Amino acid sequence: MTVKYFNIIPGEGSATLLLYGDIGDGYKVESGRIVSELIALQSQYGKIDVRINSRGGDVFSGMAIYNALRQSKSDITIYIDGVAASIAAIIALCGKPLYMSPYAKLMLHSVSGGTWGNASVLRQTADQMEQLQKDLANMIAGRCGMKAKDVLAKYFDEKDHWIDAKEAVEMKLCDGIYDMATTEEQPKTAEEIYNFFNNRLVFEPQNSQEMALIDDIKAIPSFSDKEDASAIVAHIKALENKAAKVDALQQANDAYKTQIANLQAKEVDAFLNTAVSEGKITKEQVPTMKKLMISDRATAEELINSMKVQAGARAVDFIDQGGAKNAFEGKTWDQLDKENRLADLKAQNKQLFCSLYKDKFGVDYKE
């Protein structure tokens with residue numbers, strides 16, 4: 001059976017989900033993104049075409065995509081355009097109608113991986129890999145028309161089993177071969193086939209509207225050197241990540257500004273309260289002096305400090321200055337803050353004040 005179809009473009013009433021590239025988190029085919037896109041497409045389109053050109057990758061990510069496709073109630077057809085190797089082949093054999101290009105190759109082999117640790121850990125890893133192979137054999141047994149144990153013995157024998165489109169049809173792994181335009185380039189090896197279809201994806205845009213959109217995006221200076229849609233998407237992700245970091249830093253900066261403003265307000269109040277208790281100013285003068293300190297703190301403090309202390313005011317504060325200074329030792333910024341003694345600390349032991357300030361806020365104190 002031959003199906004005349006080669007189109008990586010969503011059509012009228014249908015959409016295409018591309019599995020082009022390596023599979024796994026951080027690669028082009030991420031299971032989380034693919035599954036979420038599939039769910040979104042199911043609610044918008046009556047038909048979904050899944051096109052594969054992948055050398056495989058992470059087994060668990062592939063199994064997640066396999067299960068999402070297999071369990072979907074949508075009208076899904078799968079096309080292997082170039083290569084479906086390793087876990088990508090398992091995805092292709094998920095039970096949906098499957099067609100291959102004349103050049104396509106499907107490859108099955110044993111699970112491979114590695115770990116680090118003692119003998120027990122290595123044995124556990126080997127056991128897990130063998131169990132995964134049994135699971136994968138069960139997943140494709142029905143499609144092969146074979147028993148799981150026979151699939152395991154034939155295709156999971158630690159050798160690579162490459163199957164071309166004609167062989168796949170004869171083995172009933174594939175439902176047919178679709179026609180595609182002839183080309184002077186005749187890719188033969190798996191690597192040549194993989195690159196051939198990746199290049200078609202890059203140099204044959206989805207449609208004129210998408211081409212116009214890409215041109216508009218590349219007109220933006222920061223996108224001008226981006227060669228294709230994948231590079232544009234990667235750059236957008238990088239910009240989003242940078243924006244998130246800037247937002248986080250801005251929030252932290254605002255929080256520090258708020259903390260410093262609150263600290264400065266408490267210092268002003270403590271300074272003015274001391275001036276009142278010493279008789280340098282009256283309670284009625286506090287609002288005026290506060291405004292002056294807000295506009296020009298250094299001048300206001302110089303003015304108030306130049307005023308004479310009224311006789312008898314806060315006499316206790318001038319008894320045993322050394323003992324008062326020692327009373328600050330061993331206390332944290334927050335403890336002195338609760339005691340409303342930060343202004344006293346600053347006046348009597350500036351060095352300790354600056355040290356506790358830096359411990360609290362992580363920056364040097366500046367007047």
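This one's a predicted model, so the numbers in the text were calculated from it and none came from an experiment. (Residues numbered from 1 in each chain as written. Predicted model: local features only at pLDDT ≥ 70, side-chain atom pairs only at ≥ 80, totals over all residues. Heavy atoms only, no water.)

Engineer: Quick one: what's the story with the packing of helix 10 (residues 286-295) against helix 11 (residues 297-306), residue by residue and with numbers?
Structural biologist: Remark: helix 10 packs on helix 11, axes separated minimally by 5 Å, with the N-to-C direction vectors making an angle of 135°. As summarised for this structure, helix 10 and helix 11 are arranged oblique, according to the angle between their axes. Where helix 10 approaches helix 11, its residues Met289, Leu292, Met293 and Ser295 are matched on the opposing element by Arg297, Ala300, Glu301, Leu303 and Ile304. Taken together, the residues of the contact of helix 10 with helix 11 break down into 6 nonpolar, 1 polar and 2 charged. (Axes fitted to C-alpha atoms, helices over the stretch in contact; angles between N-to-C directions. Helix = DSSP H or I, 4+ residues; strand = E, 2+ residues; numbered from the N terminus. Parallel < 35°, antiparallel > 145°, perpendicular 65-115°, else oblique. Contact = heavy atoms within 4.5 Å. Nonpolar A, V, L, I, M, F, W, Y, C, P; charged D, E, K, R; others polar.)

Engineer: Break down the confidence of the model for the protein for me, with residues and values.
Structural biologist: Across the protein, pLDDT averages 78, with 80% of residues at or above 70. Considering only residues more than four positions removed or in separate chains, one finds that residues 1-10, a stretch of pLDDT under 50, has 41 contacts. Across residues 312-325, where pLDDT falls below 50, the model places 13 contacts with residues more than four positions away in sequence or in other chains. (pLDDT = per-residue confidence, 0-100.)

Engineer: Tell me about the packing of aromatic side chains, and please be specific about residues and values.
Structural biologist: Within this structure, the stated rule accounts for 7 aromatic pairs. A ring pair is formed by Phe196 and Phe197, whose centres lie 5.0 Å apart and whose planes are at 90°; its orientation type is edge-to-face. For Phe197, a relative accessible area of 0% gives the class buried. Members of the aromatic cluster, joined through ring pairs, are Tyr79, Tyr99 and Tyr178. The side chain of Arg51 reaches across the aromatic face of Tyr79, ending 4.4 Å from its centre. (Phe/Tyr/Trp six-rings, centres within 6.5 Å; stacked < 30°, edge-to-face > 60°. Buried < 20%, exposed > 50% of the residue type's maximum accessible area, 1.4 Å probe, protein only. Lys NZ or Arg CZ within 6 Å of the ring centre and 35° of its normal.)

Engineer: Explain the environment of Lys188 residue by residue, including any values.
Structural biologist: The residue Lys188 is located in the loop between strand 8 (176-179) and helix 7 (190-203) in this model. Counting along the chain gives 85 residues from Lys188 to Tyr103, while the straight-line C-alpha distance between them is 7.4 Å.

Engineer: Now, about the pairing of strand 7 (residues 161-164): what can you tell me, with residues and values included?
Structural biologist: Alternating positions in strand 7 separate cleanly, His161 and Ile163 being buried on one face and Trp162 and Asp164 remaining unburied on the opposite face. Where strand 6 (residues 105-108) and strand 7 come together, 4 bridges link them in antiparallel fashion. Note that in strand 7 the partner of Leu108 across the bridge is His161. (Pairing = 2+ DSSP bridges.)

Engineer: Let's hear about the pattern of salt bridges: which residues, and what values?
Structural biologist: Any two side chains of opposite charge can pair, given that their charged atoms come close. Per the stated rule, a full pass over the model turns up 11 salt bridges. Across the pair Arg55 and Asp22 runs a salt bridge whose closest N-O atoms are separated by 3.7 Å. Here the residue Arg55 occupies a position in the loop between strand 3 (47-54) and helix 2 (59-71), and Asp22 occupies one in the loop between strand 2 (14-20) and helix 1 (31-42), the gap between them amounting to 33 residues. A salt bridge links Asp337 to Lys266; the shortest N-O distance between them is 3.0 Å. In this pair, Asp337 sits in helix 13 (residues 333-338) while Lys266 sits in helix 9 (residues 229-277), placing the two residues 71 residues apart along the sequence. What makes Asp337 buried here is its relative accessible area of 17%. (Salt bridge = Lys/Arg side-chain N within 4 Å of Asp/Glu carboxyl O.)

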